[in-house]
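Remarks on the overall topology
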Amino acid sequence: MSSRRDFITLLGGAVAWPLAARAQQAAMPVVGFLRSGSLTDVPRDRVTAFREGLKEAGFVEGQNVAIEYRSDEYQTDRLPLLVADLLSRQVALIVGDTPSALAAKAATTTVPIVFVTGADPVKVGLAASLNRPGGNVTGVSFFSVELGGKQLGLLRELRPGAARIAVLVDPKFPTTEQFVSDVRAAASGMGQQIEAFYVSSDHEIETAFTTLVQRGAGALFCGTGWFLLSQRDRIVALAARHRIPAIYLLRDYVAAGGLMSYAQSNPDAYRVKPAFMPDASSKARSRVICR
């Protein structure tokens, strides 16, 4: 987002912690790191980048800042309780992905919230506008959900003869329907037939691959959701077993042996500094990763 003067001012007191303010604090300031999905499934480079971003701003975990890590373990209805727990610990800041940032926004209008999202933050309700987020929320958005048309086009270049392309998505992720809608619109404009498969368990992944093979899918587009990311090894292996060329939203799948991705650099987005520093040198970048 391009303009955050009001929020930077707010964060100046909540995150930058000037020396005078720190001298008055008896306890170490606390940052809440809140995730949907499971912390064990979050690639370590995100957490590492998060800590590095704080370090660049002058804060080292365990020395002059504490970090409380929370995740809903794939039970989205737990997020309000986790937010309430963090607020009870008087956190100075909450950092989260789309679902957790939305839960935090619903719970507080005073504690600063920094989000990392692949969606349009205005469309999902995190911000009033891109230039003026408003309230106590700001963050980094790389609009990966809206790259569906581009990714579909790359897949068609890879497999031009595919009459049907399967799209794998997580029904529990909040941006899934926007993603599917965008991909359907792009596919319609290309004259491409697609079929969406909604999966939220190991069994459903296996069933989806069996079904898409039976229905003659010539390629696979693996879409949004932390559950899918947690199952990347299984998904990549199934695509290889069934000899289905696939494109993925994140480079983590390519690192796991997947064929191709067109995506931003997620670790860059998790460096907290770009979310509240106007002169940030690190920005989320789109890139093509091929294997």
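Bear in mind the structure is a predicted one, so any value in this text is a computation, not a measurement.

Cut-off values and rules
Residues numbered from 1 in each chain as written. Predicted model: local features only at pLDDT ≥ 70, side-chain atom pairs only at ≥ 80, totals over all residues. Heavy atoms only, no water. Axes fitted to C-alpha atoms, helices over the stretch in contact; angles between N-to-C directions. Helix = DSSP H or I, 4+ residues; strand = E, 2+ residues; numbered from the N terminus. Parallel < 35°, antiparallel > 145°, perpendicular 65-115°, else oblique. Left-handed = near helix turned anticlockwise from the far one by under 90°. Contact = heavy atoms within 4.5 Å. Nonpolar A, V, L, I, M, F, W, Y, C, P; charged D, E, K, R; others polar. Pairing = 2+ DSSP bridges. Salt bridge = Lys/Arg side-chain N within 4 Å of Asp/Glu carboxyl O. Buried < 20%, exposed > 50% of the residue type's maximum accessible area, 1.4 Å probe, protein only.

1. A few points about the packing of helix 6 (residues 148-158) against helix 7 (residues 176-190)
Where helix 6 meets helix 7, the axes come as close as 8 Å, and the angle between the chain directions of the two elements is 50°. Viewed along their axes, helix 6 and helix 7 adopt a mutual orientation that is oblique. You can see that helix 6 and helix 7 cross each other, and the crossing is right-handed. Contacts between helix 6 and helix 7 involve G148, G149, L152, G153 and R156 on the former and, on the latter, F179, V183, A186, A187 and M190. Partitioning the contact of helix 6 with helix 7 into residue classes produces six nonpolar, three polar and one charged.

2. Considerations on the sheet that holds strand 4 (residues 113-117)
The sheet built from five strands is open, its strands ordered 2-1-3-4-5 with parallel pairing. Each having just a single partner strand, strand 2 (66-71) and strand 5 (137-141) make up the two edges of the open sheet. Here the average twist between neighbouring strands, direction ignored, is 20°. Bridge count between strand 1 (residues 30-35) and strand 2: six bridges; the pairing is parallel. Opposite R35, over in strand 2, you have S71 as the bridge partner. Sitting on the sheet, helix 3 (residues 44-56) touches strand 1, strand 2 and strand 3 (93-96), and the angle it makes with strand 2 is about 150°. Running over the sheet, helix 4 (residues 79-88) touches strand 1, strand 2 and strand 3 and is turned about 175° from strand 1.

3. Remarks on the pattern of salt bridges
Per the counting criterion, the structure on display carries eleven salt bridges. R35 is the salt-bridge partner of D97, the closest N and O atoms lying 3.3 Å from each other. Pair noted here: D97 is in the loop between strand 3 and helix 5 (98-107) and R35 is in strand 1, with a separation of 62 residues, a long-range link. A single burial state applies to D97 and to R35, both of which are buried. Of the charged contacts, one joins E68 and R70 as a salt bridge, the two residues approaching to 3.0 Å between their closest N and O atoms. Here E68 falls in the partly exposed class, since its relative accessible area comes to 24%. On the basis of relative accessibility, which here comes to 14%, the residue R70 falls in the buried class. Residues participating in the shared-partner salt-bridge network are E68, R70, D85 and R89.

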